[in-house]
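Next come the chains, spelled out residue by residue.
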There are 2 protein chains.
Amino acid sequence: MNISKELAKGSTAMLVLSVLSKENLYGYQIIRTVANLSDDVFQMNEGTLYPILHSLEKNGMLESYWSEASETVRRRKYYRITEKGLKELAKQNKEWKEYSTAVSKVLGGAAHVTA
Amino acid sequence: MNISKELAKGSTAMLVLSVLSKENLYGYQIIRTVANLSDDVFQMNEGTLYPILHSLEKNGMLESYWSEASETVRRRKYYRITEKGLKELAKQNKEWKEYSTAVSKVLGGAAHVTA
DNA sequence: TATCTATGCCTCGAGTATCTATGTATAATA
DNA sequence: TATTATACATAGATACTCGAGGCATAGATA
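Keep in mind that what you see is a predicted model, and the values were worked out from it rather than measured.

The rules we used
- Residues numbered from 1 in each chain as written.
- Chains lettered and ligands numbered in written order.
- Predicted model: local features only at pLDDT ≥ 70, side-chain atom pairs only at ≥ 80, totals over all residues.
- Heavy atoms only, no water.
- Helix = DSSP H or I, 4+ residues; strand = E, 2+ residues; numbered from the N terminus.
- Buried < 20%, exposed > 50% of the residue type's maximum accessible area, 1.4 Å probe, protein only.
- Areas by Shrake-Rupley, 256 points an atom, 1.4 Å probe, with all protein chains shown as cover.
- Axes fitted to C-alpha atoms, helices over the stretch in contact; angles between N-to-C directions.
- Parallel < 35°, antiparallel > 145°, perpendicular 65-115°, else oblique.
- Contact = heavy atoms within 4.5 Å.
- Nonpolar A, V, L, I, M, F, W, Y, C, P; charged D, E, K, R; others polar.
- Buried area = accessible area lost by both parts, 1.4 Å probe.
- Salt bridge = Lys/Arg side-chain N within 4 Å of Asp/Glu carboxyl O.
- Pairing = 2+ DSSP bridges.
- Lys, Arg positive; Asp, Glu negative; His and termini not counted.
- Phe/Tyr/Trp six-rings, centres within 6.5 Å; stacked < 30°, edge-to-face > 60°.
- Lys NZ or Arg CZ within 6 Å of the ring centre and 35° of its normal.

Peer 1: Describe the overall build of chain A, with residues and values.
Peer 2: The helix and strand inventory of chain A stands at four helices and three strands. Per-residue burial for chain A yields a buried fraction of 43% across its 115 residues. Summed over its atoms, the accessible surface of chain A is roughly 6,200 Å², and 49% of this surface lies on carbon and sulfur atoms.

Peer 1: Please give an account of the packing of helix 1 (residues 12-20) of chain B against helix 3 (residues 46-58) of chain B that cites residues and values.
Peer 2: Residues and elements named next belong to chain B. Where helix 1 contacts helix 3, the two axes come as close as 10 Å, and the packing angle between them is 70 degrees. In this view, helix 1 runs roughly perpendicular relative to helix 3, as classed from their interaxial angle. On helix 3, the residues that touch T12, A13, V16 and L17 of helix 1 are T48, L49, I52, L53 and L56. Along the lines of polarity and charge, the residues of the contact of helix 1 with helix 3 split into seven nonpolar, two polar and no charged.

Peer 1: So what about the interface of chain B and chain A? Which residues, and what values?
Peer 2: Size of an interface: often given as the accessible area lost when the parts come together. If you look at the interface, chain B gives 36 residues, while chain A gives 36 residues. Both sides of the chain B and chain A interface together cover about 3,300 Å² of buried area, and 69% of this is carbon and sulfur. There are two salt bridges connecting chain B and chain A. Between K105 of chain A and D39 of chain B there is a salt bridge, with its nearest N and O atoms 2.5 Å apart. For the side of chain B that touches chain A, the secondary structure elements donating two or more residues are helix 1, helix 2 (27-37) and helix 4 (83-106) of chain B. Looking at the side of chain B that touches chain A residue by residue, the classes come out as 18 nonpolar, 10 polar and eight charged.

Peer 1: For the pattern of salt bridges, give the residues involved together with the corresponding values.
Peer 2: Residues and elements named next belong to chain A. Here the structure, examined in full by the defined rule, presents four salt bridges over all chains. Of the charged contacts in the structure, one is a salt bridge between E63 and R80, with a shortest N-O distance of 3.0 Å. Taken together, the residues span a long stretch of sequence, with E63 in strand 2 (residues 62-66) and R80 in strand 3 (residues 77-81) at a distance of 17 residues.

Peer 1: Please give an account of the environment of T72 of chain B that cites residues and values.
Peer 2: Here T72 of chain B is to be found in the loop between strand 2 (62-66) and strand 3 (77-81). Each C-alpha atom of the pair T72 of chain B and Y28 of chain B lies 17 Å from the other, and the pair is 44 residues apart in sequence.

Peer 1: How would you explain the sheet that holds strand 3 of chain A if you had to name every residue and give the values?
Peer 2: Residues and elements named next belong to chain A. If you trace the three strands from one edge of the open sheet to the other, you get 1-3-2, paired in antiparallel fashion. This sheet does not close on itself; its edge strands, each paired only once, are strand 1 (25-26) and strand 2. Looking at chain direction, strand 2 and strand 3 are connected through five bridges and run antiparallel. Bridging from a neighbouring strand, W66 pairs with K77 of strand 3.

Peer 1: Describe the side chain of E88 of chain B, listing the residues and the values that go with them.
Peer 2: Residue and element names in this part refer to chain B. Mapped onto the secondary structure, E88 falls in helix 4. Of the side chains with opposite charge, K91 comes closest to the buried, unpaired E88, at an N-O distance of 4.1 Å. When residues no more than four places from it in sequence are discounted, the contact partners of E88 are L17 and M61.

Peer 1: Give a detailed account of the packing of aromatic side chains, specifying residues and quantitative values.
Peer 2: Summed over the entire model, instances satisfying the criterion amount to 11 aromatic pairs over all chains. An angle of 50 degrees between the planes, with centres 5.8 Å apart, marks the rings of W96 of chain B and Y99 of chain B as tilted. Placement of the pair is W96 of chain B and Y99 of chain B together in helix 4, with a separation of three residues, close to one helical turn. We note that W96 of chain B, like Y99 of chain B, is buried. Members of the aromatic cluster, joined through ring pairs, are F42, W96 and Y99 of chain A together with F42, W96 and Y99 of chain B. Over the ring of W66 of chain B we find R75 of chain B; its NZ or CZ atom is 4.5 Å from the centre of that ring.

Peer 1: Provide a residue-level description of the sheet that holds strand 1 (residues 25-26) of chain B, including the pertinent values.
Peer 2: Residues and elements named next belong to chain B. Taking strand neighbours across the sheet as the criterion, the three strands line up as 1-3-2 in an open arrangement whose pairing is antiparallel. In the strand order of this sheet, the two ends are held by strand 1 and strand 2, each with one partner. In the packing of helix 3 onto the sheet, contacts are made with strand 2 and strand 3, and the angle to strand 2 comes to roughly 115 degrees.

Peer 1: Which residues make up the environment of S64 of chain A, and what are the values?
Peer 2: Residues and elements named next belong to chain A. Looking at the secondary structure, you find S64 in strand 2. Owing to a relative accessible area of 25%, S64 belongs among the partly exposed residues under this scheme. In this structure the C-alpha to C-alpha distance between S64 and Y28, which are 36 residues apart in sequence, comes to 14 Å. S64 has contacts with E57, K77, Y78 and Y79, leaving out every residue within four places of it along the chain.

Following this line, the structure appears as structure tokens:
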């Protein structure tokens, strides 16, 4: 991460599940995808991502499979979201909405919406 | 806290600074004010708040003073935000906007705005 | 040729934030 | 009398992320 570090805690797994809900990706690619989508606001460290991926797989949210290496492309470990993972994503998405709405209210109206 | 716990990490100090930027409050009152403003989404524990208040005071963001006890009201420790605290609040406010905007983008558009 | 950068997987110790539990004390309520 | 609300505070446990490091290969650069 980069921005304010502590702010991002707790949302990283949701971001990972979110990008995997659109397509199967491998670890390194997840980092770049999240960075691109967020205009480089989120720059995840590998030391952050890999433990999260392992944890999500262990808990049945993700499944992984290795791609075959070719002459130009080495082996990559792809992740696929499961039904359980999709449900978890929906739940976290809902919590995120509640949370961000609540923060806006405390900050005084639609503070983070304007400007 | 209550909601998703981990999501709230990093934003608590900002919420405290925010309510104190409007009026001076004592600890117990801060908990109730934040709960009210957020429609009970944020239910801070005392064990969370007091260390944050001490830390913010130590870092010059807040100043404190004791109210005199009367027959009906006991002593309360009030907190007042400093100039430095106001600047810090503005900074964190900006970071919050960047962060929440980035999350929305990764989640796929204005996910947390709609519905 | 040697070194650096990018890719791609991984682990571990440290730091930080919050939680739960606990402690102290008083006043009001059931 | 016992519980709840008020009001301050600390301490140990837990959870998430970071920074640093390790391993390996390919391509670019010096």
